[in-house]
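Residue-level structural notes
These are the residues of each chain, in order.
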Amino acid sequence: MKRGLRLSALLPLLLLLAACEEIDCSLYNSVNMYACFYSDGSAVAITDTLTISTGSSERVLLNRMTNVGNWQIPLSYRQDVDTLLLHVAGDGYQVTDTVWIAKTNTPHFESPDCPTNMFHKIVAIESTHLFIDSVTIVQPYVNYALDENIQLHLHSAP
Amino acid sequence: MHSTRIFSCIFTLLLSGLVAVGARGKDRLGSEDVLIADEAPFFGGIAVSADLVGFSMKAFSSKFANMEVAGRLNLMEKFFPIVELGVGDCHKSGSENDNKFEVTSPYFRVGMDYNFNKKLNGNRLFGGLRYGYSKYQYDFSAPDFADDVYGTSEPLSLTDLDGRNQWLELVVGVETKLWSVLRLGWNVRYKFRLKQRTSQYGEPWFVPGFGKNGGNTFGGTVNLTIDIGKTARKHIKKKTE
């Protein structure tokens, strides 16, 4: 018992070792809406040039990408509705569809040491129909998860 | 902040040394009149204690501290039902940004210690269990919360976010008699969460009474105790006279 009590006095050393501070932020700390193109029920890629910009501030979110089947863009922190301009250009043609995304914005924090972010819930989505046939919401919650949030169904080829 | 950590280290080491020396001295004294704890009275008195580490951390402006006092009963020198009441306090700033987390709320724990020392020599070797509960409100602010893509910036300030936690603690500790009714001891605790309810905005960085939030964590206290009431030793001495 005596020896045990003496040895046990060393236990606080273990406690001190366990008290080391560490910063553990999420590895995936960017919040993006994930969208995919579909045609006739199958995933497709737009082989021509795709540019996506915001309707309000005219900031370019995706610039002249080719062979795009899916894309990720951040949503705004403050607006209730984001407007996206999807501009497709090919040989001798260019066409622009507008997509409106209605959403709620919820601030999210993990720790004072980690960057603060904004999570969203998509409540409704609409678009014009020049090359987009319809838009559906698959996963309304936009957060750290890399889930497919929306599907853009393109007009079938004639 | 570093000076607080250094102080805590020195303080803990000094106290553990003191406890070890005390335990050694008591074992020597007890060698002549070792008594079996089974002879102890059913009710051996009450004790009140304070955790010196929590109050010291607060005094030295540590970013967090659990300041607590406890009351316990002594049953047969073996079983020690205990209630611990405290206030958890945390003011934590981000190490690489201006984010701030704050909480100051009460908590309690109830449980029981068991004394594994069979000799009545003033020393106690405890193993125990605690159930802890805290209902608290916490604040989080991020003054530089900016939307770089859309070019907006607005400070984020979330106040009075509600949270509740329940947890269990496995306790191992020692305690020795310093002088008269004064006792000193320390314990280490493995804590694990049972249940948590927090705000949709985010979990608290610190839970009062539990410590840094997570599924499990380690903790400990250094207790200065006043033992009131008849001790087992006195009881048996009277019995043999």
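Quantities reported herein were computed from a predicted structural model and do not represent experimental measurements. (Residues numbered from 1 in each chain as written. Chains lettered and ligands numbered in written order. Predicted model: local features only at pLDDT ≥ 70, side-chain atom pairs only at ≥ 80, totals over all residues.)

Comments concerning the overall build of chain B
Assigned secondary structure in chain B consists of three helices and twelve strands. Counting the 241 residues in chain B, one finds 36% classified as buried. When contacts within chain B are restricted to residue pairs at least 6 apart in sequence, long-range pairs at least 24 apart make up 67% of them. (Helix = DSSP H or I, 4+ residues; strand = E, 2+ residues; numbered from the N terminus. Buried ≥ 20, exposed ≤ 12 C-beta atoms within 10 Å, placed from the backbone. Contact = placed C-beta atoms within 7 Å.)

Side note on helix α2 (residues 52-59) of chain B
Residue and element names in this part refer to chain B. What α2 keeps buried is the set Val 53, Gly 54 and Met 57. An end-on view of α2 places all buried positions within 100° of arc, on one side of the element. One or two steps after α2, the chain reaches Ser 61, where phi turns positive at roughly 55°. (Arc of directions from axis to C-beta.)

Topic: the nonpolar core
Counting 17 residues, the largest nonpolar core has Leu86(A) and Ile101(A) as the members making the most contacts within it. If we ignore the near neighbours within four places in the chain, the residues touching Ile101(A) are Leu75(A), Val81(A), Asp82(A), Leu84(A), Ile122(A) and Ile125(A). (Core = buried A, V, L, I, M, F, W, Y, C linked by C-beta atoms within 7 Å.)

Looking at the environment of Asp147(B)
Looking at the element boundaries, Asp147(B) is found in strand β6 (residues 146-147). Here Asp147(B) falls in the partly exposed class, since 17 other C-beta atoms lie within 10 Å of it. Among all residues touching Asp147(B), those that are not within four sequence positions of it are Ser76(A), Tyr77(A), Arg78(A) and Thr152(B).

Topic: the confidence of the model for chain B
Residue and element names in this part refer to chain B. Averaged over every residue, the pLDDT of chain B is 84; residues scoring 70 or more account for 79%. Across residues 18-32, where pLDDT falls below 50, the model places 31 contacts with residues more than four positions away in sequence or in other chains. Across the whole predicted complex the pTM is 0.80, and at the interface the ipTM reaches 0.77. (pLDDT = per-residue confidence, 0-100.)

Details of the sheet that holds strand β3 (residues 79-93) of chain B
All names here are of chain B. Spatial ordering of the closed barrel is given by β1-β2-β3-β4-β5-β8-β9-β12, a layout of eight strands whose pairing is antiparallel. With strand direction ignored, the average angle separating the axes of adjacent strands in the sheet is 25°. Across eleven bridges, strand β9 (residues 182-197) lies against strand β12 (residues 216-228) in antiparallel orientation. Each bridged residue has a counterpart across the sheet, and for Arg 183 the counterpart in β12 is Thr 225. Contacting β1 (43-51), β2 (64-75), β3 and β12, α2 runs over the sheet at an angle of about 160° to β2. (Pairing = 2+ DSSP bridges. Axes fitted to C-alpha atoms, helices over the stretch in contact; angles between N-to-C directions.)

Remarks on the sheet that holds strand β7 (residues 93-108) of chain A
Residue and element names in this part refer to chain A. Sheet architecture is open: six strands sit in the order β4-β3-β6-β7-β8-β10, paired in antiparallel fashion. If you trace the sheet from one side to the other, it starts and ends with β4 (60-65) and β10 (141-142), each paired once. Bridging between strand β3 (residues 49-54) and β4 involves three bridges; their strand directions are antiparallel. What sits directly across from Leu 50, in β4, is Met 65.

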